[in-house]
Amino acid sequence: MSFAPGNRPSCWDSPPRGAPLRFMRKKRRRTSIARASLAIALFVFAIPAAVTACPICHSETGEQVRAALFGPNFSVHLLSVLSPFPIFAAIVLGLRVAFAPRGPDIPRGVESSNRSLDLSPQEKRSS
Amino acid sequence: MKDLNGTNRGPLISASALLGIGLGGFVDGILFHQILQLHNMLSAKLPPTSLVNVEVNMVWDGLFHALTWVMTATGLGMLWHAMGQRDVPHSTRTFLGGLVLGWGLFNFVEGIIDHAILGIHHVVENGNHVLWDGVFLASGVAMIAIGAFFIRSDSTQEFRAGEAATARR
């Protein structure tokens, strides 16, 4: 994009000669903000319609996506995607049950003190 | 099964296995679905050859990731709860064993259900998918075996040794 020298936007004007440095920095910042805004606006308006294809987009492609997603196979697809997860949950539950304590629960301290009586002679000597 | 030393490893093993399932699911989803794009959730039924099919697969991938996130978050919650229990040992070996076991369980169960039974996708859609599906299943079995070995070896040797040391003190 180019402008004729006399037709430039005011924000592109060079600062007057002898202007303080602070004024020049402010001008430059405004210029870069203006350019960034212009670039964003161009990008947004230049997006082809096909790109706005999200399932909640109001576009032709978005409607096609919704139709394919919630078509007659929706429940089959949903069940297919969900199916491994209850099995994972069941296996984890099984692991928890398999390693669950059985029998009377002896407090750890008590058991440790009892076990200390069962030490081998070598262990007793070292203790 | 309460260990001989009076500790209860059930909560630690189940929590770490659930975390492993979730993390294994994320590896699958991030590496195979997104970075390498070898397959998507329904890529065997809806080949990602058009924008609409890519978008539909993306939605199902998202649902899969959401459920994987739920698994991971639940595993974290269970781990937090387990660490608060006095009889649950803080064993790194058992924890790592559970993580590897969980990852292997993910590969094995997902491989059996999604790849073999339902056939909604394969590890590699183009080419010899039977071979790669087999490799995926074998990796699951191997990881289950490694995880189980870690867990078992902890209970039979180091665990008792650690308890003997505790008893000596």
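Keep in mind the model is a prediction, meaning the values are calculated, not measured. By convention here, each chain's residues receive numbers from 1 onward along its written sequence. Working convention: letters from A go to chains and numbers from 1 go to ligands, in the order in which they are written. This being a predicted model, a pLDDT of at least 70 is required before a residue's local features are given, and a value of 80 or more before pairs of side-chain atoms are given or counted; all residues contribute to the totals for chains, interfaces and linings. Side-chain metrics in this entry use all non-hydrogen atoms of the structure; hydrogen atoms and water are not considered.

### Re the packing of aromatic side chains
Where two aromatic rings form a pair, the distance of their centres and the angle of their planes describe that pair. Classification of ring pairs uses Phe, Tyr and Trp, with its six-membered ring standing for Trp, and accepts pairs whose centres are within 6.5 Å; under 30 degrees between planes counts as stacked, over 60 as edge-to-face, and the remaining range as tilted. Per the stated rule, a full pass over the model turns up eight aromatic pairs over all chains. Taking 5.7 Å as the distance between ring centres and 40 degrees as the angle between the ring planes, the aromatic pair formed by Phe74 of chain A and Trp60 of chain B counts as tilted. Linking Phe74 of chain A in helix H3 (residues 74–82) with Trp60 of chain B in helix H2 (residues 51–83), this pair reaches from one chain into another. Judged by centre distance (5.7 Å) and plane angle (85 degrees), the rings of Phe85 of chain A and Phe88 of chain A are edge-to-face. Placement of both Phe85 of chain A and Phe88 of chain A in helix H4 (residues 84–98) is noted, with a separation of three residues, approximately one turn of the helix. Residues Phe85 of chain A and Phe88 of chain A agree in their burial class; the two are buried. Feature note: the residues Phe85 and Phe88 of chain A together with Phe64 and Phe106 of chain B constitute an aromatic cluster, connected by ring pairs. Runs of E in the DSSP output that reach at least two residues are strands. Runs of H or I that reach at least four are helices, and both are numbered from the N terminus. Throughout, exposure labels follow a simple rule: accessible area from a 1.4 Å probe, protein chains only, divided by the maximum for the residue type, with under 20% read as buried, over 50% as exposed, and the rest as partly exposed.

### What about the environment of Thr68 of chain B?
Structurally, Thr68 of chain B can be placed in helix H2. Along the chain, Thr68 of chain B and Leu19 of chain B lie 49 residues apart, while their C-alpha atoms are 9.5 Å from each other. Throughout, a contact is declared for two residues whenever any of their heavy atoms are within 4.5 Å. Beyond its immediate stretch of four places on either side in the chain, Thr68 of chain B contacts Phe85 of chain A together with Gly22, Gly25 and Phe26 of chain B.

### What to know about the state of the cysteines
All names here are of chain A. Counting rule for disulfides: a pair of cysteine sulfur atoms within 2.5 Å. The final tally for this structure, using the stated rule, is one disulfide over all chains. There is a disulfide in this structure between Cys54 and Cys57, and the S-S distance comes to 1.9 Å. The chirality of the disulfide connecting Cys54 with Cys57 is right-handed, given an S-S dihedral of about 105 degrees. On the basis of relative accessibility, which here comes to 26%, the residue Cys54 falls in the partly exposed class.

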